[in-house]
Amino acid sequence: MRTAIGGMTPALAKVAETVIAQPQTTLYQSITELAEVSGSSEASVMRFCRDQGFTGFQDFKLALAKELAGDQREKEGLEPTDDIQRLVETAVVALRETEQLIVRDDVTKAAQRLLAARVIDCFGVAASAVTAQYLAYKMSRVGMLSRALADAHLATMAAGTATGSSAHVIISSSGSTVDAVGVARLARSRGAFVLGISNRSKSPLAAECDLTLIASWPETPLTGGAFPSKISQLLIVDALLAEIVRQDPDRLTMIQRTAESVSDRSF
């Protein structure tokens with residue numbers, strides 16, 4: 001990349017120089033964020049990646065992640081000796097950072113809109129589907145009509161039949177997953193309230209949502225579904241449910257009822 005800069009256009013050279021100066025940061029950025037930081041455009045970032053022999057930005061980041069992982073192992077000379085301690089420490093950092101990122105007013109507004117919705121569809125792809133299922137479960141516990149749609153076609157059909165009385169919560173750590181962005185765009189075009197939960201503040205998903213709640217610890221191509229990323233998303237889910245109960249205390253009764261309804265399902 002360094003040797004190729006001399007033959008690049010000014011816009012592409014800006015992208016290359018930014019990546020070379022901060023390769024680790026680039027791993028955690030969306031194409032929108034890299035374009036903004038480098039003073040170029042998303043189109044320039046895509047052209048840069050293709051000129052380097054990659055099919056797109058994600059393909060480029062995967063190669064970069066592999067390269068940097070190899071460099072890091074060479075520097076350290078050994079693998080971590082205590083993975084449990086490392087997981088705990090990173091989880092604590094992720095939770096603390098997410099606490100700072102959560103905009104309380106946005107949580108309040110999101111809770112109001114969800115409480116007013118007739119039905120709430122939660123959608124995520126792959127690891128983000130886990131967060132979607134957890135959110136749907138928590139909402140069911142407080143008596144809200146909610147469903148987790150793990151299939152992209154089902155989510156798209158739900159978005160296509162959405163109305164102003166429905167809400168969609170779209171979870172995508174990268175904020176760039178094609179299916180997630182497409183469902184958000186379609187649901188919003190039908191008048192539904194669309195809430196995003198992501199680990200990136202500037203992304204294609206955020207541009208399609210009415211509100212986006214941001215979790216810490218963005219993933220890289222090699223860390224999809226990473227524990228710190230998931231636990232920070234789950235913190236947002238619980239914060240959202242706590243606000244829903246605060247705004248509508250009768251939901252506490254629903255928690256008791258749902259608990260009683262399954263009390264005979266355990267020995």
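Anything mentioned here points back to the structure above.
These numbers were taken from a predicted model, which means no experiment stands behind them. (Residues numbered from 1 in each chain as written. Predicted model: local features only at pLDDT ≥ 70, side-chain atom pairs only at ≥ 80, totals over all residues. Heavy atoms only, no water.)

Enquirer: In this structure, what is going on with unusual backbone geometry? I would like to understand it.
Expert: Generally, phi is negative for residues other than glycine and the peptide bonds are trans, each holding for most cases. Backbone geometry places A126, a non-glycine residue, at a positive phi of 55°. Mapped onto the secondary structure, A126 falls in the loop between β1 (119-124) and α8 (127-141). On the accessibility criterion, A126 (62% relative accessible area) is exposed. (Helix = DSSP H or I, 4+ residues; strand = E, 2+ residues; numbered from the N terminus. Buried < 20%, exposed > 50% of the residue type's maximum accessible area, 1.4 Å probe, protein only.)

Enquirer: What exactly am I supposed to notice about the pattern of salt bridges here?
Expert: Between side chains of opposite charge, a pair can form as their charged atoms come close. Evaluated as defined, the whole model comprises 8 salt bridges. A salt bridge links E208 to R185; the nearest nitrogen and oxygen atoms lie 3.2 Å apart. Residue E208 is found in helix α11 (residues 204-208), and its partner R185 is found in helix α10 (residues 178-189); the two are separated by 23 residues along the sequence. E208 sits in the buried class, given a relative accessible area of 18%. (Salt bridge = Lys/Arg side-chain N within 4 Å of Asp/Glu carboxyl O.)

Enquirer: What's the story with the nonpolar core in this structure? I'm lost.
Expert: Soluble globular proteins tend to bury their nonpolar side chains together. The biggest cluster of nonpolar side chains holds 29 residues, and the ones touching the most others in it are L114, I120, M139, V169, L195 and L240. Contributing elements (two or more residues each) for this core: α7 (104-116), β1, α8, β3 (166-172), β4 (193-198), β5 (211-214) and α12 (227-247). In terms of residue count, α12 provides more of this core than any other element does, 6 residues in total. By size, the runner-up hydrophobic cluster in this structure holds 18 residues, among which are V15, A16, L34 and A35. (Core = buried A, V, L, I, M, F, W, Y, C linked by side-chain atoms within 4.5 Å.)

Enquirer: It is not clear to me how the environment of M157 should be interpreted in this structure. Could you clarify?
Expert: In this fold, M157 is placed in helix α9 (residues 152-160). A sequence separation of 20 residues divides M157 from T177, and the C-alpha atoms of the two residues are 17 Å apart.

Enquirer: In this structure, what is going on with the pairing of strand β2 (residues 146-149)? I would like to understand it.
Expert: Residues in a regular strand point their side chains to alternate faces of the sheet. Bridge count for β1 against β2 is 4 bridges, and the pairing is parallel. Within β2, the residue paired with D121 across the bridge is R147. Following the chain from β1 across α8 to the adjacent parallel β2, one finds a crossover that is right-handed. (Pairing = 2+ DSSP bridges. Right-handed = clockwise from strand over helix to strand, strands pointing away.)

Enquirer: Could you clarify how one ought to interpret the packing of helix α6 (residues 83-101) against α12 in this entry?
Expert: The geometry of a pair of packed helices is captured by two quantities: the angle between their axes and the separation between those axes. Relative orientation of the contacting elements α6 and α12 amounts to 40°, with a least axis distance of 9 Å. Between α6 and α12, the angle is such that the two are oblique. Like other packed secondary-structure pairs, α6 and α12 cross with a definite hand, here right-handed. Here α6 contributes L87, T90, A91, A94, L95, T98 and E99 to the contact with α12, which in turn contributes F227, P228, I231, S232, L235 and I236. (Axes fitted to C-alpha atoms, helices over the stretch in contact; angles between N-to-C directions. Parallel < 35°, antiparallel > 145°, perpendicular 65-115°, else oblique. Left-handed = near helix turned anticlockwise from the far one by under 90°. Contact = heavy atoms within 4.5 Å.)

Enquirer: In this structure, what is going on with the pairing of β3? I would like to understand it.
Expert: Summarising burial for β3: 7 of the 7 residues are buried, a large majority. Side chains S166, H168, I170 and S172 project from β3 onto one buried face, and the interleaved A167, V169 and I171 project onto a second face that is buried too. The pairing of β1 with β3 spans 6 bridges and is parallel. Bridged to D121 within β3 is H168. Direction of pairing for β3 relative to β4: parallel, over a ladder of 6 bridges. Its bridge partner lying in β4, A167 is registered against F193.

Enquirer: What is the right way to read the side chain of S146 from this model?
Expert: Position of S146 among the secondary structure elements: in strand β2. At a separation of 3.3 Å, a polar atom in the side chain of S146 contacts the main-chain carbonyl oxygen of I120. Ignoring sequence-local partners within four residues, the contact set of S146 consists of I120, C122, A136, M139 and S140. (Polar contact = N/O pair within 3.5 Å; in protein donor to acceptor, adjacent residues only side chain to side chain.)

Enquirer: In this structure, what is going on with the environment of L68? I would like to understand it.
Expert: Assignment of secondary structure puts L68 in helix α5 (residues 57-76). Taking the C-alpha atoms as reference points, L68 and E260, separated by 192 residues in sequence, lie 52 Å from one another. Among all residues touching L68, those that are not within four sequence positions of it are P23, Q24 and L27.

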